[in-house]
Number of protein chains: 2
Amino acid sequence: MVVDDHPIFLKGLVEILQDELKTATIFAYTSSVEALKNFTIINPDIAILDLDMPVINGIKLSENLKVIKLTLKVIILTMHKEPDIIRSVIAKGIDGFVFKDDAVNELTNAIKNVLANNIYLSDPSILNQTEDKNEILATLTKTECLVLKHIAQNKTSKQIADTLFVSIKTIENHRNNISKKLQLTGSNSLLTFAVKNSRFF
Amino acid sequence: MVVDDHPIFLKGLVEILQDELKTATIFAYTSSVEALKNFTIINPDIAILDLDMPVINGIKLSENLKVIKLTLKVIILTMHKEPDIIRSVIAKGIDGFVFKDDAVNELTNAIKNVLANNIYLSDPSILNQTEDKNEILATLTKTECLVLKHIAQNKTSKQIADTLFVSIKTIENHRNNISKKLQLTGSNSLLTFAVKNSRFF
DNA sequence: GTAAAAATGAATAACAGTACCTATTTTTAA
DNA sequence: TTAAAAATAGGTACTGTTATTCATTTTTAC
């Protein structure tokens, strides 16, 4: 099963898989909902899923599909090379991870490996390139996360305090605690972090 | 001629074009350099170019190719739907603009239109959705643009002043002038703008 | 039910950016 | 060569963030 919301990319994917795996039967869908509808009927061995899809993304779809069929192998495709994303994806029981701009043989390698019950990563070294922001972000409390969302919108402590009906001092304390957890120092480093990473929280 | 640095997408593109335009001869390249090397030999009527490619992007490649062959029609493909990008692309003599996640027939429509000497946009309405930040950004002077780059890296006025060997007051003045041009007010609105739009300057 | 964690609030000092001015020197273009 | 534009620099008042430390109340979990 192949799922990607980009029709042209999906077409390329199917052609390549058909060329490489001549005996395989391939079913392609441009939406997660379509894929879910047909999953039990086609009952595939492998699902190759785009990470960034509207409504239900690749990870959520994978979780849904693996509930239906525990032995299903899932390979996630993505354009994003951010280590933080990849780390969080691997933590969610995905069997393979391939970048969309990789060469074709990366994907066939991935298929062979996951069928042999191995985990396959296109570029394992990418995981060692930066600190694990994701793990630290997970240590933020609900309120801290909410405050961080407001900070990402460039609201002042006063504005956040007013919308949440608390004292400015409370927001300033939250800012401080968040900065400490994320090991951010210096002026506006928290704002910069929030703006750059808003899609992660 | 088709040029895209994503091999899988390129494969899909070629298959679709071959299906739709059965009489056409299609040459595909995964890099701008390869495309430039072979351009005069294959002498195509249309070039379909990815916007985001390393080293030479689609716009620059288009400019190079149109110098060699003035009558060449160029269709740009992109994932980005930001009006600012599209506006600046259209200003550079591109004949067509199609989004990568569009349906297949968008591309064939575009090809028909540009061959009939029309300009084709996948979604012309996107141009009316926001203010034209690009035009305003173009009014920034060289130094203002440089300062903005430093601001986007969350440097303080003092740090920027030290690296450019000028007074902190000069940098503060630049900040002020840039903010006025971009119509930004309030605390850290310039920093937020710089971080969010750093790839535009 | 109690201990830990989270959320709330405050005081203070230092640092940084905003928003106005004014003014001089240097560069660019007509 | 001269007028306009750009870059330089300073003044001042204000707003906002950072970095500490301390303290109370509320929520959560065992």
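This one's a predicted model, so the numbers in the text were calculated from it and none came from an experiment.

Asker: Tell me about the protein's contact with DNA strand D, and name the residues and values.
Answerer: Taken together, 24 residues lie around DNA strand D, and Gly 186 of chain A together with Thr 141, Thr 143, Ser 167 and Asn 173 of chain B are the ones closest in. When the atoms of DNA strand D within 4 Å of the protein are grouped by moiety, sugar and phosphate amount to 63% of the total. At a separation of 3.2 Å, a phosphate oxygen of DNA strand D approaches a polar backbone atom of Ser 157 of chain A. Between DNA strand D and the protein, one listed contact pairs a base oxygen with a side-chain N or O atom of Lys 169 of chain B at 2.8 Å. Secondary-structure elements contributing two or more residues to the surface near DNA strand D are helix H9 (168-181) and helix H10 (189-196) of chain A together with helix H7 (142-152) and helix H9 (168-181) of chain B. Of the residues that constitute the surface near DNA strand D, the class distribution is three nonpolar, 17 polar and four charged.

Asker: Mind laying out the protein's contact with DNA strand C, listing which residues take part and the relevant values?
Answerer: Near DNA strand C, the surroundings consist of 23 residues, among which Thr 141, Thr 143, Ser 167 and Asn 173 of chain A together with Gly 186 of chain B are the closest. Sugar plus phosphate: this is where 68% of the atoms of DNA strand C within 4 Å of the protein reside. Note that a base nitrogen of DNA strand C is positioned 3.0 Å from one of the side-chain N or O atoms of Asn 176 of chain B. Asn 188 of chain B places a polar main-chain atom, nitrogen or oxygen, 3.5 Å from a phosphate oxygen of DNA strand C. Looking at the surface near DNA strand C, the elements with two or more residues in it are helix H7 (142-152) and H9 of chain A together with H9 of chain B. In the surface near DNA strand C, the residues fall into three nonpolar, 16 polar and four charged.

Asker: Report on the sheet that holds strand E3 (residues 46-50) of chain A, specifying residues and quantitative values.
Answerer: Residues and elements named next belong to chain A. The sheet built from six strands is open, its strands ordered E2-E1-E3-E4-E5-E6 with parallel pairing. The open sheet has two edge strands, strand E2 (28-29) and strand E6 (120-121), and neither has a second partner. Where E3 meets strand E4 (residues 73-78), five bridges bridge the pair, whose relative direction is parallel. Note that in E4 the partner of Leu 49 across the bridge is Ile 76.

Asker: Which residues make up the pairing of strand E3 (residues 46-50) of chain B, and what values go with them?
Answerer: Residues and elements named next belong to chain B. Where burial is concerned, most of E3 is hidden: five out of the five residues are buried. The side-chain alternation of E3 yields two buried faces, one formed by Ile 46, Ile 48 and Asp 50 and the other by Ala 47 and Leu 49. Strand direction decides the pairing type here: strand E1 (residues 2-3) and E3, joined by two bridges, are parallel. Residue pairing for E3: Val 3 is matched across the bridge by Leu 49. On the question of chirality, the crossover connecting E3 to the parallel strand E4 (residues 73-78) by way of helix H3 (residues 58-68) is right-handed.

Asker: For the interface of chain B and chain A, give the residues involved together with the corresponding values.
Answerer: The partner chain A presents 27 residues to the 27 residues of chain B that form the contact. Carbon and sulfur atoms make up 70% of the surface buried where chain B meets chain A, a total of about 2300 Å² over both sides. A per-residue breakdown of the area chain B buries against chain A is headed by Ile 8, Lys 11 and Asn 154 of chain B, which together make up 25% of the total. Counting every contact that joins chain B to chain A gives two salt bridges. A salt bridge links Lys 11 of chain B to Asp 19 of chain A; its shortest N-O distance comes to 3.0 Å. Residue assignment for the side of chain B that touches chain A shows that the elements contributing at least two residues are helix H1 (7-20) and helix H10 (189-196) of chain B. Each residue belonging to the side of chain B that touches chain A can be placed in one class, and the counts come to eleven nonpolar, eight polar and eight charged.

Asker: For the packing of aromatic side chains, give the residues involved together with the corresponding values.
Answerer: All names here are of chain A. The tally for this structure, following the rule as stated, stands at two aromatic pairs over all chains. With a centroid separation of 5.8 Å and an interplanar angle of 80°, the aromatic rings of Phe 97 and Phe 99 are classed as edge-to-face. Owing to a relative accessible area of 2%, Phe 99 belongs among the buried residues under this scheme. Taking NZ or CZ as reference, Lys 100 lies 4.5 Å from the ring centre of Phe 9, over its face.

Asker: An account of the sheet that holds E3 of chain B is requested, with residue identities and associated values reported.
Answerer: Residue and element names in this part refer to chain B. Here we have six strands laid out as an open sheet, ordered E2-E1-E3-E4-E5-E6, and parallel in their pairing. Two strands close off the open sheet at either side, each with one partner strand: strand E2 (28-29) and strand E6 (120-121). H3 rests against E1, E3 and E4 of the sheet, and its axis sits at about 155° to E3. In this fold helix H5 (residues 104-115) packs onto E3, E4, strand E5 (96-99) and E6, with an angle of close to 155° to the strand it touches most, E4.

Asker: So what's going on with H10 of chain B? Residues and values would help.
Answerer: Burial of H10 of chain B is extensive: seven of the eight residues sit out of reach of the surface. Those residues of H10 of chain B not exposed but buried are Ser 189, Leu 190, Leu 191, Thr 192, Phe 193, Ala 194 and Val 195 of chain B.

Asker: Now, about H5 of chain B: what can you tell me, with residues and values included?
Answerer: All names here are of chain B. The end-to-end C-alpha distance of H5, which contains twelve residues, comes to 17 Å, matching closely the 16 Å that a straight helix rising 1.5 Å per residue would cover. Residues of H5 that are buried: Glu 106, Leu 107, Thr 108, Ala 110, Ile 111 and Val 114. Along its buried surface, H5 packs onto H1, E3, E4, E5 and E6. Immediately downstream of H5, the backbone of Asn 117 shows phi near 65°, a positive value.

Reading the values: rules and limits
Residues numbered from 1 in each chain as written. Chains lettered and ligands numbered in written order. Predicted model: local features only at pLDDT ≥ 70, side-chain atom pairs only at ≥ 80, totals over all residues. Heavy atoms only, no water. Near = heavy atom within 4 Å. Polar contact = N/O pair within 3.5 Å; in protein donor to acceptor, adjacent residues only side chain to side chain. Helix = DSSP H or I, 4+ residues; strand = E, 2+ residues; numbered from the N terminus. Nonpolar A, V, L, I, M, F, W, Y, C, P; charged D, E, K, R; others polar. Pairing = 2+ DSSP bridges. Buried < 20%, exposed > 50% of the residue type's maximum accessible area, 1.4 Å probe, protein only. Right-handed = clockwise from strand over helix to strand, strands pointing away. Contact = heavy atoms within 4.5 Å. Buried area = accessible area lost by both parts, 1.4 Å probe. Salt bridge = Lys/Arg side-chain N within 4 Å of Asp/Glu carboxyl O. Phe/Tyr/Trp six-rings, centres within 6.5 Å; stacked < 30°, edge-to-face > 60°. Lys NZ or Arg CZ within 6 Å of the ring centre and 35° of its normal. Axes fitted to C-alpha atoms, helices over the stretch in contact; angles between N-to-C directions. Expected span 1.5 Å × (residues − 1).

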